[in-house]
Amino acid sequence: MPRFRAILDTVPPYRAGKAVVSADGRSFKLSSNESPYGPLPSVVEAISKAAAQAHLYPDPGVGALTNALAERYDVPAEHVAVGAGSVTLLQQLFETVGEPGAEVIYAWRSFEAYPLMADLSGSTSVRVPLADETHHLDAMAEAITPQTRMIFVCNPNNPTGTVVRSAELAAFLDRVPEDVLVILDEAYREYVRDTDVTDGLTIYRDRPNVAVLRTFSKAYGLAGLRVGYLIGNEPVAAAVRKTVVPFAVNHLAQVAAVASLEAEAELLERVETVVKERDRVRDTLISQGWTVPVTEANFVWLRLDGRTLEFAGACAAEGVAVRPFEGEGARVSIGSPEANDTFLAVAEAFLKG
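Here's a quick rundown of the structure. None of the values given here were measured: they were computed from a predicted structure.

What follows deals with a nonpolar patch on the surface. A contiguous nonpolar patch, built from Met 1, Phe 4 and Leu 8 and spanning about 430 Å² of accessible area, is present on the exposed surface. If you trace the backbone, Phe 4 turns up in the segment before β1 (28–29). Residue Phe 4 is classed as exposed on the basis of its relative accessible area, which comes to 59%.

Here it is, written out as C-alpha cells:
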C-alpha cells in the first residue's frame, strides 16, 4: 500500500452543490451560485471558433487575457495573475505562503475552500467567528500573531452575502503588519450595489500587502470553463505566477474570458436582472417571516440551525437544490424567476408548517 501524507486522513473532500429532481421531473439548481444565464452569443461564437485549435496547447502566459484585464482595470500587466478559477488561485496563494507553523486567518463561516487549502498546505487555520453574519474585523485584527502569513476577507461573504464597508476595511488594513498578505476575495463584486463597499482595486496600489481575487465563474457565466484572476502589486502577482501549473488555463477559457470583457456592457445588463431578482426574493422571504441578512451577492442566506437539513430536504422534494451547511443554515442562489418562485413557495410552506 503506498504511503500518503497523514493530513489526507483528516481532509474532507470539497462538497460542490448538487442538482435534485422532484417526483414530477422539476429541477432547479440553486446550490452553486451559478448564473442563470449562459454566455452571451458573441462569447459562444468565440468559443466555437477557438475549438478548432483544441489540438494545440494554450498560451502558457495567458497573454491576451492578462493584457485585456490590465486594460480593463487600468493596471500594469505585471500586476495580473490568471488561474484556472479563483479556487486554483487560492491553492496557488497557499503555495506561496503556506508551510508548517504559518497561520492563516479568515472569518467563519466563509468560503469552505479556505480550510481545505490551508490544511493541504500545512498551514494552521485561525477561524474568527462572524458577528451578525459578517466579518468581525476587530477580532480578526486581534488574532494576528508573528506567525500570521495571510488573511482572507471575503467581500461579499460566501455564504452569508454580507459585506465589509469602506471605513471599517481601511481601519482593519491599517492594523495589519506589512509582511502579512491580505486577500480581498471579491468573487461576487459585480453584484454589489452598496456604494459604501470598497472596490479592492481602488486600494491595493497603495497597500503592497493587499491583493484582489476575482472570477469569471459567477457574473460572467463561465463557471464551466474555470478562469479567475488575481490583481496585486508585482511581487505578489509574480509569486502567484510561479506556482501555476503549466497550461492550467485552457484555450477556450482564455478566449471566452477575453470575449466576455469585450461584451461586458451587455453582460452587466444580465447582472442587473439578477440583482433585481435577488432583492425580490429577499423582500418576499422577509414578508413571509424569515430573517434574511442584506445580501450583496447572487444568493440569500437563511439561518436554520438544527432544521437546516430538514429545510434542504423540503426544497429537494420540490426539485430545488440549495446548499445546506448542517447545523447552521442554507445558502440559496438566485436563479430564473420560475426557480425563485418555486423556492419561495417551499420557504413559505416550511415556515408555516
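Picking up after the structure, the text goes on.
Given 3.6 residues per helical turn, the α-helix brings residues three or four places apart onto the same face. The first and last C-alpha atoms of helix α9 (residues 264–288) sit 36 Å apart over 25 residues, in line with the 36 Å expected at 1.5 Å per residue. Those residues of α9 lying buried are Glu 264, Leu 267, Val 271, Val 274, Val 275, Glu 277, Arg 278, Val 281, Arg 282, Leu 285 and Gln 288. Of the surrounding secondary structure, the elements contacted by the buried residues of α9 are α2 (63–73), α8 (251–262), β9 (299–303) and α11 (337–352). One or two residues past the end of α9 sits Gly 289, with phi positive at roughly 115°.

For sheets, the rule is that strands pair by backbone hydrogen bonds, running either parallel or antiparallel. Strands sit in the order β2-β8-β7-β6-β5-β3-β4 across an open sheet of 7 strands; the sheet is mixed. The sheet is open, and its two edges are formed by β2 (80–83) and β4 (124–129), each paired on a single side. For this sheet, the mean inter-axis angle between neighbouring strands, taken without regard to orientation, is 20°. Contacting β2, β3 (103–108), β5 (148–154), β6 (181–185), β7 (210–215) and β8 (228–232), helix α3 (residues 86–97) runs over the sheet at an angle of about 160° to β5. Set on the sheet, helix α4 (residues 113–121) makes contact with β3, β4, β5 and β6; between it and β4 the angle comes to about 155°.

This paragraph deals with the pairing of β2. Side chains of β2 alternate between two faces, with Val 80 and Val 82 and Ala 81 and Gly 83 buried alike. Here β2 runs beside β8; their pairing, made up of 4 bridges, is antiparallel. Looking at the pairing, Val 82 lines up with Tyr 229 of β8.

On to the packing of aromatic side chains. Overall, the coordinates contain 15 aromatic pairs when judged by the stated rule. Summarising the aromatic geometry, the rings of Tyr 57 and Phe 247 are spaced 4.6 Å apart at their centres and angled 25° between planes, so their arrangement reads as stacked. With Tyr 57 in the loop between α1 (41–50) and α2 and Phe 247 in the loop between α7 (234–242) and α8, the pair connects residues that are 190 residues apart, well separated along the chain. Under the relative-accessibility criterion, Tyr 57 is labelled exposed at 69%.

The calculated volume of the largest pocket comes to roughly 470 Å³. Those elements that provide at least two residues to the lining of the largest pocket are α3 and α4. The element contributing the most residues to the lining of the largest pocket is α4, with 3 residues. Along the lines of polarity and charge, the residues of the lining of the largest pocket split into 11 nonpolar, 8 polar and 9 charged. Along its surface, the second largest pocket is lined by Thr 10, Pro 12, Pro 13, Tyr 14, Arg 15, Trp 108, Arg 109, Glu 112, Pro 115, Leu 116, Asp 119 and Arg 127. Per-element tally for the lining of the second largest pocket: the top contributor is α4, with 3 residues.

Analysis parameters
Residues numbered from 1 in each chain as written. Predicted model: local features only at pLDDT ≥ 70, side-chain atom pairs only at ≥ 80, totals over all residues. Heavy atoms only, no water. Patch = residues over 30% accessible without salt bridge, like charges linked within 9 Å, V, L, I, M, F, W, Y side chains within 5 Å. Areas by Shrake-Rupley, 256 points an atom, 1.4 Å probe, with all protein chains shown as cover. Salt bridge = Lys/Arg side-chain N within 4 Å of Asp/Glu carboxyl O. Helix = DSSP H or I, 4+ residues; strand = E, 2+ residues; numbered from the N terminus. Buried < 20%, exposed > 50% of the residue type's maximum accessible area, 1.4 Å probe, protein only. Expected span 1.5 Å × (residues − 1). Contact = heavy atoms within 4.5 Å. Pairing = 2+ DSSP bridges. Axes fitted to C-alpha atoms, helices over the stretch in contact; angles between N-to-C directions. Phe/Tyr/Trp six-rings, centres within 6.5 Å; stacked < 30°, edge-to-face > 60°. 1 Å grid on protein atoms, 1.4 Å probe; cavity = no way out; pocket = protein on both sides within 12 Å on 5 of 7 lines; lining within 4 Å. Points joined across faces, edges and corners; volume = space filled by probe spheres on them. Nonpolar A, V, L, I, M, F, W, Y, C, P; charged D, E, K, R; others polar.

So, to be careful, I would describe these as geometric facts and stop short of saying anything about function.
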